[in-house]
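# Residue-level structural notes
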Amino acid sequence: MAPWRRLVRISHAGIVAVGLFVLASLLSPPAATAAETEGNWNLDDGAGHRLGVMLYERSDINAATGLRLRLNAESPKLTLDHARPLLLSDGKDQDWSLANLSKELTASAGSAIPATSSQFDAGSLEPTPADGLPLRITVPSSAGDLSFALSPGQVQTFHSLTAASTN
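Criteria and thresholds
- Residues numbered from 1 in each chain as written.
- Predicted model: local features only at pLDDT ≥ 70, side-chain atom pairs only at ≥ 80, totals over all residues.
- Heavy atoms only, no water.
- Helix = DSSP H or I, 4+ residues; strand = E, 2+ residues; numbered from the N terminus.
- Buried < 20%, exposed > 50% of the residue type's maximum accessible area, 1.4 Å probe, protein only.
- Contact = heavy atoms within 4.5 Å.
- Areas by Shrake-Rupley, 256 points an atom, 1.4 Å probe, with all protein chains shown as cover.
- Salt bridge = Lys/Arg side-chain N within 4 Å of Asp/Glu carboxyl O.
- Pairing = 2+ DSSP bridges.
- Axes fitted to C-alpha atoms, helices over the stretch in contact; angles between N-to-C directions.
- pLDDT = per-residue confidence, 0-100.

## Looking at the overall build of the chain
Counting its regular elements, the chain contains two helices and eight strands. Ordered by position from N to C terminus, the α and β elements of the chain give α-β-β-β-β-β-β-β-β-α. Sorting the 167 residues of the chain into buried and exposed places 31% on the buried side. A separation threshold of at least 6 residues defines the contact pool for the chain, and within that pool the share at least 24 residues apart is 55%. Approximately 10000 Å² of the chain is accessible, and the part contributed by carbon and sulfur atoms is 59%.

## Comments concerning the pattern of salt bridges
Oppositely charged side chains are able to pair whenever their charged atoms sit close together. As enumerated under the stated definition, the model contains two salt bridges in all. E104 is the partner of R68 in a salt bridge, and the nearest nitrogen-oxygen pair spans 2.9 Å. Highlighted residues: R68 in strand β3 (residues 66–73) and E104 in the loop between β5 (95–98) and β6 (117–121), separated in sequence by 36 residues. We classify R68 as buried; its relative accessible area is 2%. What makes E104 buried here is its relative accessible area of 16%. Its salt-bridge partner being D145, residue R84 comes within 2.7 Å of it at the nearest N-O pair. Of the two residues, R84 is situated in the loop between β3 and β4 (86–89) and D145 in strand β8 (residues 144–149); the sequence distance between them amounts to 61 residues.

## Considerations on the sheet that holds strand β2 (residues 50–58)
If you walk across this open sheet you meet the four strands as β1-β2-β3-β6, and the pairing is antiparallel. Pairing within the sheet leaves two strands with one partner each, and these edge strands are β1 (40–44) and β6. Taken over all neighbouring pairs, the strand axes of this sheet differ in orientation by 25 degrees on average, direction set aside. Note: β2 against β3, eight bridges, orientation antiparallel. Residue R58 lies in a different strand from β3, and its bridge partner there is G66.

## Things to note about the environment of S160
Looking at the secondary structure, you find S160 in helix α2 (residues 152–166). Sequence separation between S160 and P129 is 31 residues; the distance between their C-alpha atoms is 9.4 Å.

## What about the confidence of the model for the chain?
For any part of a model where pLDDT is low, the fine detail of the predicted coordinates should not be relied upon. Scored by pLDDT, the chain comes out at a mean of 77, with 71% of its residues at no less than 70. Predicted confidence is poor over residues 22–36, with pLDDT under 50, and the contacts of this stretch with residues over four places away or in other chains come to four contacts.

Structure, rendered in structure tokens:
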């Protein structure tokens, strides 16, 4: 076989390989986004109300440290209540009331709290939610009290982070 024919076959094989790689990347599911990683979730109550949730450890020199649950309304015209607590329930006679700390969302004194965001103290849940039990959160909003069920993975993350914050 002539060397130039071998070179043509190798280049055709390279082109096919690149084409398959591009096709596979277009058809494969995308990697997990930040909203789907540990401590960052999207919640939907099935009635058109959607929230972005972030569970994180606060370490600000200007405010108390501890675990926070931040909510961001992702549905049009939905605003979150900045005065009432968030309620958490495991469905087994365990209920928690998470203090509303939305005032921590303001960068400077006197600025308005964002209407679509709220923040709650999740660092002192006593007793710590039991591992394996479903958790439901009830969020005060302009549309009334909205109820969201956490998925098993979200419950596990919540359990792990709250248990770690109490140690």
